[in-house]
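Given next are the chains, with one letter for each unit.
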Amino acid sequence: ACMLCRRAEADPDICGRKLEKQGLCAHVFCLFLANELFQQQDEEVGLMGFLPEDIQRTIERAAQKRCFVCGEGGAAITCRETGCNRSFHLPCAVEGGCITQFFGLYRSFCWEHRPEQAVEAAPEENTTCLICLDLVGDRKSYGTMVCPACKHAWFHRGCIQNQAIHVGFSCFCCPHCQNEYRFLMEMLTMGIRLPRRLPSWENSHAYAALSERHSRCDASECLCPGGREQAEEEGPWHLLLCCSCAAEGTHRRCSCLTNSTASWECDSC
């Protein structure tokens, strides 16, 4: 389990991946958001640049604090508002209405002192989230957010967080007006985590299956001794793909085609 939030399983979209080294175990963002825990310039030392002795001191301090959300001890994150002593675990942040900022100084705020959207706007009756299409609340709130640029795009916090994870920093913008900078800065300030990576759909493996050529005989009875997957360059076991859809194939002999036949169309087409 993570030594800072005490969770063996936590949402990686919020807590980040779990690091384990030298007997230490912690989520990336539990480290960045913990009180008085600072990263060294050399990320090879300790856990991603956080020294083991510093992590241990943070754990000891956190042991004296209870999470105001779940009531358990070991709360390593405290509201940054001067004089506020509310502490919490990172996985409890959303349930407690807290905001954790995943950039710059990695500041955290409780439900009372969290930043609010300053834009003057209110959703019309029956306004739906642009992402999930379910109804949003009747006003701005922790769970109901609006684009500060167009003031017409309304969405749930969870929905825009999920979109941010998949879109990544370079393509993140308002789903309605496409504003980039103002929208991005507002969402970061409001606690939306935005990974610095390419969009998930640009992953080189995301659409690999689409580029694969169909490579099996789909005849009702395949006669090839080598089976449906065998294909030769020429002759009776040469595999022809449907000239219309290319989604089905047949060996020449399995569809009673001559060796000179160069094209074939499946029954579906």
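All figures in this text were calculated on a predicted structure; none of them were measured in a lab. (Residues numbered from 1 in each chain as written. Predicted model: local features only at pLDDT ≥ 70, side-chain atom pairs only at ≥ 80, totals over all residues. Heavy atoms only, no water.)

**Here we look at the overall build of the protein chain**
Heads up, the condition is: Counting from the N terminus, the helices are the DSSP runs of H or I reaching at least four residues and the strands are the DSSP runs of E reaching at least two. Classification of residues uses two cut-offs on accessible area relative to the type maximum, computed with a 1.4 Å probe and protein chains only: under 20% is buried, over 50% is exposed, and between them is partly exposed. Note on contacts: a residue pair is in contact if any heavy atoms of the two residues lie within 4.5 Å. Residue exposure ignores everything except the shown protein chains as possible cover, and the areas themselves are Shrake-Rupley values with a 1.4 Å probe. In this tally, Asp and Glu contribute negative charge and Lys and Arg positive charge; neither His nor the terminal groups of the chain are included. We put the charge of a Lys on NZ, of an Arg on CZ, of an Asp on CG and of a Glu on CD.
Each helix and strand counted, the protein chain has five helices and 10 strands in total. Each principal axis of the C-alpha distribution contributes one length, and for the protein chain these read about 85 × 55 × 30 Å. The buried share of the protein chain, taken over its 269 residues, is 43%. Expressed as a percentage of contacts within the protein chain between residues at least 6 apart in sequence, the contacts between residues at least 24 apart total 47%. Summed over all atoms, the accessible surface of the protein chain reaches about 15,200 Å², with 47% contributed by carbon and sulfur. The average position of the 26 basic charges and that of the 34 acidic charges among the side chains of the protein chain differ by 8 Å.

**Let's talk about the nonpolar core**
It is characteristic of soluble globular proteins that their nonpolar side chains tend to be buried jointly. Applicable threshold: Residues grouped as a nonpolar core are buried Ala, Val, Leu, Ile, Met, Phe, Trp, Tyr and Cys residues, joined through side-chain atoms within 4.5 Å.
Among the nonpolar cores identified, the biggest contains 32 residues, and Leu-4, Phe-29, Leu-31, Ile-55 and Leu-90 are the most heavily contacted of them. In terms of residue count, the dominant contributor to this core is helix α2 (residues 28–33) (six residues). In this view, Leu-4 contacts Ala-26, Cys-30, Leu-31, Ala-34, Leu-37, Thr-58, Ile-59, Gly-74, Ala-76 and His-89; residues no more than four positions away in its chain are not counted. One finds Val-119, Tyr-142, Cys-147 and Phe-172 within the second-largest nonpolar core, a separate group that totals 26 residues.

**Brief notes about unusual backbone geometry**
Where the residue is not glycine, phi is negative for most of them; where a peptide bond is considered, it is trans in most cases. One non-glycine residue, Tyr-106, adopts positive backbone phi at about 50°. Here Tyr-106 is to be found in the loop between β5 (99–100) and β6 (108–109).

**A short note on the pairing of strand β2 (residues 24–27)**
Our working definition: For two strands to count as paired, DSSP must find a minimum of two bridges between them.
Burial of the side chains of β2 extends over both faces: Leu-24 and Ala-26 are buried on one face and Cys-25 and His-27 on the other. In terms of strand pairing, strand β1 (residues 18–21) meets β2 through four bridges, oriented antiparallel. From the neighbouring strand, Glu-20 faces β2, where its bridge partner is Cys-25. Connecting the antiparallel pair β1 and β2 is a turn made up of two residues, with Gln-22 showing a positive phi of about 55°.

**Structural notes on the side chain of His-251**
Relative to the elements of secondary structure, His-251 occurs in strand β10 (residues 249–251). Apart from the residues within four sequence positions on either side, His-251 is in contact with Cys-217, Cys-222, Cys-224, Gly-227, Arg-228, Gln-230, Pro-236, Trp-237, His-238 and Leu-239.

**A short note on the confidence of the model for the protein chain**
As a reminder, the rule being used: Residue-level confidence of the predictor is summarised by pLDDT, bounded by 0 at the bottom and 100 at the top.
Residues of the protein chain with pLDDT of at least 70 account for 96%, and the chain-wide mean is 91. The element-level mean pLDDT for the protein chain is lowest in β1, coming to 88, with β6 highest at 98.

**A closer look at the environment of Val-69**
As for its placement among the helices and strands, Val-69 is situated in the loop between α3 (52–62) and β3 (77–78). Counting along the chain gives 27 residues from Val-69 to Gly-96, while the straight-line C-alpha distance between them is 5.5 Å. Non-local contacts of Val-69, meaning those with residues more than four positions away in its chain, are made with Phe-88, Cys-92, Glu-95 and Gly-96.

**A look at the packing of aromatic side chains**
One pair of aromatic rings is described through two measures. These are the centre distance and the angle between the planes. Counted only if it meets this: When two rings of Phe, Tyr or Trp (its six-membered ring) have centres within 6.5 Å they constitute a pair, described as stacked for plane angles under 30 degrees, edge-to-face for angles over 60, and tilted for the intermediate range. Note on geometry: a ring has a charge over it if NZ (lysine) or CZ (arginine) is within 6 Å of the ring centre and within 35 degrees of the ring normal.
Evaluated as defined, the whole model comprises eight aromatic pairs. The interplanar angle of 40° and the centroid separation of 6.2 Å between the aromatic rings of Phe-29 and Phe-32 together place this pair among those described as tilted. Taken as a pair, Phe-29 and Phe-32 lie in helix α2 at a separation of three residues, close to a single helical turn. The burial state of Phe-29 is the same as that of Phe-32; both residues are buried. Members of the aromatic cluster, joined through ring pairs, are Phe-29, Phe-32, Phe-50, Phe-102 and Tyr-106. Directly above the aromatic system of Phe-169 lies the positively charged group of Arg-196, at a separation of 4.1 Å from the ring centroid.

**Digging into helix α4 (residues 157–167)**
For an α-helix, the turn length of 3.6 residues means that residues three or four places apart are oriented alike. Regarding α4, the residues found buried are Arg-157, Cys-159, Ile-160, Gln-161, Ala-164, Ile-165 and Val-167. Against the buried residues of α4 lie α1 (12–15), β5, β7 (144–146), β8 (154–156) and α5 (181–189). Looking one or two residues past α4, Gly-168 carries a phi angle of roughly 80°, positive in sign.

**Considering the pattern of salt bridges**
Rules: The salt bridge definition used is simple: a Lys or Arg side-chain nitrogen within 4 Å of an Asp or Glu carboxyl oxygen.
The tally for this structure, following the rule as stated, stands at six salt bridges. Between Arg-57 and Asp-54 there is a salt bridge, with the nearest N and O atoms lying 2.4 Å from each other. Of this pair, Arg-57 and Asp-54 both sit in helix α3, three residues apart, which is roughly one turn of that helix. For Arg-216, the salt bridge identified is with Asp-218, shortest N-O distance 3.1 Å. A relative accessible area of 26% places Asp-218 in the partly exposed class. Linked by salt bridges that have partners in common, Arg-216, Asp-218 and Glu-229 make up one network.

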